Number of protein chains: 2
Amino acid sequence: MPEYAAPLQELIDAFGRLPGVGPKSAQRIAFHLLAAGPVESQRLSDAIRHAAERMSFCQRCFNLAEGAECPICADATRDVTLLCVVEEPRDVVAIERTREFKGRYHVLGGAIDHLKGIGPEQLRIAELVRRIGDEGVREVILATNPNIEGEMTALYLSKMLEVPGLEDLTVTKLSSGLPVGGDLEYADEMTLGRALEGRRTVERTG
Amino acid sequence: MPEYAAPLQELIDAFGRLPGVGPKSAQRIAFHLLAAGPVESQRLSDAIRHAAERMSFCQRCFNLAEGAECPICADATRDVTLLCVVEEPRDVVAIERTREFKGRYHVLGGAIDHLKGIGPEQLRIAELVRRIGDEGVREVILATNPNIEGEMTALYLSKMLEVPGLEDLTVTKLSSGLPVGGDLEYADEMTLGRALEGRRTVERTG
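Small disclaimer: the values here were computed from a predicted structure and weren't measured. (Residues numbered from 1 in each chain as written. Chains lettered and ligands numbered in written order. Predicted model: local features only at pLDDT ≥ 70, side-chain atom pairs only at ≥ 80, totals over all residues. Heavy atoms only, no water.)

Caption draft 1: Here's a closer look at the relation of the copies chain A and chain B. Aligned on chain B, chain A shows an RMSD of 0.1 Å; the corresponding rotation is 180° and the shift along the axis is 0.0 Å. Classification of the inter-copy transformation places it as that of a two-fold axis. When C-alpha positions in chain A are compared against the rotation axis, the closest is assigned to Ser45 of chain A, at 2.2 Å. Both copies present the same face, since 100% of the interface residues in chain A are matched by interface residues at the equivalent positions in chain B. (Least-squares fit on C-alpha atoms with pLDDT ≥ 70 in both. Contact = heavy atoms within 4.5 Å.)

Caption draft 2: Quick look at helix α3 (residues 38-54) of chain B. The end-to-end C-alpha distance of α3 of chain B is 24 Å, a good match for the 24 Å that 17 residues give at a rise of 1.5 Å each. If you follow the buried residues of α3 of chain B, they end up packed against α1 (6-16), α2 (23-36) and α3 (38-54) of chain A together with α1 (6-16) and α2 (23-36) of chain B. (Helix = DSSP H or I, 4+ residues; strand = E, 2+ residues; numbered from the N terminus. Expected span 1.5 Å × (residues − 1).)

Caption draft 3: Fine view of the nonpolar core. If you look at the biggest cluster of nonpolar residues, it comprises 42 residues, and the most contacted ones within it are Leu8, Phe15 and Leu44 of chain A together with Leu8, Phe15 and Leu44 of chain B. Of all the secondary-structure elements, those providing two or more residues to this core are α1, α2 and α3 of chain A together with α1, α2 and α3 of chain B. Setting aside anything within four residues of it in sequence, one finds Leu44 of chain B in contact with Ala14, Phe15, Leu18 and Ile48 of chain A together with Phe15 and Leu33 of chain B. (Core = buried A, V, L, I, M, F, W, Y, C linked by side-chain atoms within 4.5 Å. Buried < 20%, exposed > 50% of the residue type's maximum accessible area, 1.4 Å probe, protein only.)

Caption draft 4: Representation of the environment of Leu11 of chain A in the model. Within the secondary structure, Leu11 of chain A sits in helix α1. Take Leu11 of chain A: its relative accessible area is 1%, and that puts it in the buried class. Each C-alpha atom of the pair Leu11 of chain A and Leu33 of chain A lies 9.8 Å from the other, and the pair is 22 residues apart in sequence. With residues near it in sequence (within four places) discarded, Leu11 of chain A still touches Ala30 and Leu34 of chain A together with Ala47, Ile48 and Ala51 of chain B.

Caption draft 5: Region of the structure containing the interface of chain A and chain B. If you look at the interface, chain A gives 49 residues, while chain B gives 49 residues. Summing both partners gives a buried area of about 4,400 Å² for chain A against chain B, and 73% of it is carried by carbon and sulfur. When the buried surface of chain A facing chain B is broken down by residue, Pro7, Pro19 and Ile48 of chain A rank first, second and third, together holding 13% of it. The tally of links between chain A and chain B comes to two salt bridges. Across the pair Arg17 of chain A and Glu40 of chain B runs a salt bridge, and its minimum N-O distance is 3.6 Å. For the pair chain A and chain B, the interface holds three residue pairs in polar contact (both at pLDDT 80 or more). Every element with two or more residues in the side of chain A that touches chain B is listed here: α1, α2, α3, α4 (71-74) and α5 (89-98) of chain A. Element by element, the count of residues in the side of chain A that touches chain B is highest for α3 of chain A, at 13 residues. Considering only residue class, the side of chain A that touches chain B consists of 29 nonpolar, seven polar and 13 charged. (Buried area = accessible area lost by both parts, 1.4 Å probe. Salt bridge = Lys/Arg side-chain N within 4 Å of Asp/Glu carboxyl O. Polar contact = N/O pair within 3.5 Å; in protein donor to acceptor, adjacent residues only side chain to side chain. Nonpolar A, V, L, I, M, F, W, Y, C, P; charged D, E, K, R; others polar.)

Caption draft 6: Seen up close, the pairing of strand β5 (residues 139-142) of chain B. All names here are of chain B. Note that strand β3 (residues 79-86) and β5 share four bridges and pair parallel. Of the residues in β5, the one forming a bridge with Cys84 is Ile141. Where β5 and strand β6 (residues 170-173) come together, four bridges link them in parallel fashion. By the bridge assignment, Leu142 is partnered in β6 with Lys173. Following the backbone out of β5, through helix α7 (residues 148-160) and into the adjacent parallel β6, one traces a crossover that is right-handed. (Pairing = 2+ DSSP bridges. Right-handed = clockwise from strand over helix to strand, strands pointing away.)

Caption draft 7: Looking closely at the side chain of Arg104 of chain B. Residue and element names in this part refer to chain B. Locating Arg104 in the fold gives a position in strand β4 (residues 103-107). For Arg104, a relative accessible area of 10% translates into the label buried. At 3.4 Å, the side chain of Arg104 and the backbone oxygen of Cys73 are in polar contact. Residues in contact with Arg104, not counting those within four places in the same chain, are Arg60, Ile72, Cys73, Arg78, Asp79, Val80, Leu82, Leu83, Cys84, Arg131 and Glu135.

Caption draft 8: Inspection of unusual backbone geometry at higher detail. Residues and elements named next belong to chain A. With a phi close to 70°, Phe62 is a non-glycine residue in the positive phi region. In this structure, Phe62 sits in the loop between β1 (56-57) and β2 (64-65). On the basis of relative accessibility, which here comes to 14%, the residue Phe62 falls in the buried class. Of note in the backbone geometry, Arg99 takes a positive phi value of approximately 55° without being a glycine.

Caption draft 9: Layout of the sheet that holds strand β5 (residues 139-142) of chain A. Residue and element names in this part refer to chain A. Across the sheet, four strands lie side by side as β4-β3-β5-β6; this open sheet has parallel pairing. In this open sheet, the two strands that pair with only one neighbour each are β4 (103-107) and β6 (170-173). Going from strand to strand, the sheet's axes swing by 25° on average, the running direction of each strand aside. Where α5 meets the sheet, it contacts β3 (79-86) and β4, and its direction lies at approximately 155° from that of β4. (Axes fitted to C-alpha atoms, helices over the stretch in contact; angles between N-to-C directions.)

Caption draft 10: Main features of the sheet that holds β5 of chain B. Residue and element names in this part refer to chain B. The parallel open sheet is built from four strands, whose spatial order is β4-β3-β5-β6. Taken across any chain shown, the strands that pair with only one partner, and hence form the sheet edges, are β4 and β6. Geometrically, the sheet is characterised by an average inter-axis angle of 25° between neighbouring strands, direction not taken into account. In this fold helix α5 (residues 89-98) packs onto β3 and β4, with an angle of close to 155° to the strand it touches most, β4. Packing against the sheet, α7 makes contact with β3, β5 and β6, and its axis sits at approximately 160° to β5.

The following block contains the structure:
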């Protein structure tokens, strides 16, 4: 006798493929849904189908969009000379939350990761270079993740952008250092090292 | 401008309603699905709908079943005189994994929880009493969870079964004590207290 009936096993497997959902959680979610009744299942199933049908990628920046263009690219008040390069659409959300950035974004669709077989040609780098020329971008902020893959991608991009015709382009990176609200004692050596390296002169008055 | 487009926000909300999925995980899952493409979304949506359509509750024991009867109730080799009462279908799976139990189950559909408004009438207790008479059950094992609600439910059931006509029925409970592989040092006082209370004489030879 198999442990679960086939439709239940398939449901558990489907949830288990989602990021951050282990086998135990997948089982718990599946039992929860079946116990909650068909209306709850229908609601989740519809939300998934609906989102997949309605959401696509912005033709300009590759952020998630409900139409051809994302709300940020469609917003005429954003500064087109400032372009922030991120790995994923969720990074756009993170930066938007700071309310500090008034430019546009370019979503690469990942980072260079040779172990996973992701090279520069799998990322939207050609599109980035084209946009820099077409849109009159003056500063590119490389906001890839502060891990090995992200750093490698930022390094690759900074080399890519050292080409004739882009001499006037400023290329910047997010600063590394201690997280705000963090404890010096608990910071890892890499972070603390970066914080030292990037130290700033404190403005003194009087 | 809302932070997410409506279909994306609805997807995040739908995942956030699942047990053990917090707002951050829900967001991560939603972005993952949209990045993975429509085939992946379709597969998950289909698995949910398919399971909801195909799975129902066993008419006899209220375990999850693909038809009118679950595989355990349909299995003629199981001992019908032994009935194990559990809260949820997932508890059946947990006990089946031990391969120690050869009787049948009765799934209550929860535990008495006055804070959540779940009283005995919301549980399948009338059905349990009927089965005990109809199926010639000789022992009822109360296998509710070892927490306040489960203990209260077990207590309620044991009182319920003290009625004329059921004098010959044996009512038992799972033993409480130290988990196998656990460390005495890390056991909480309640568990250690139960382990002491339920101590057994060690068989000595020679």
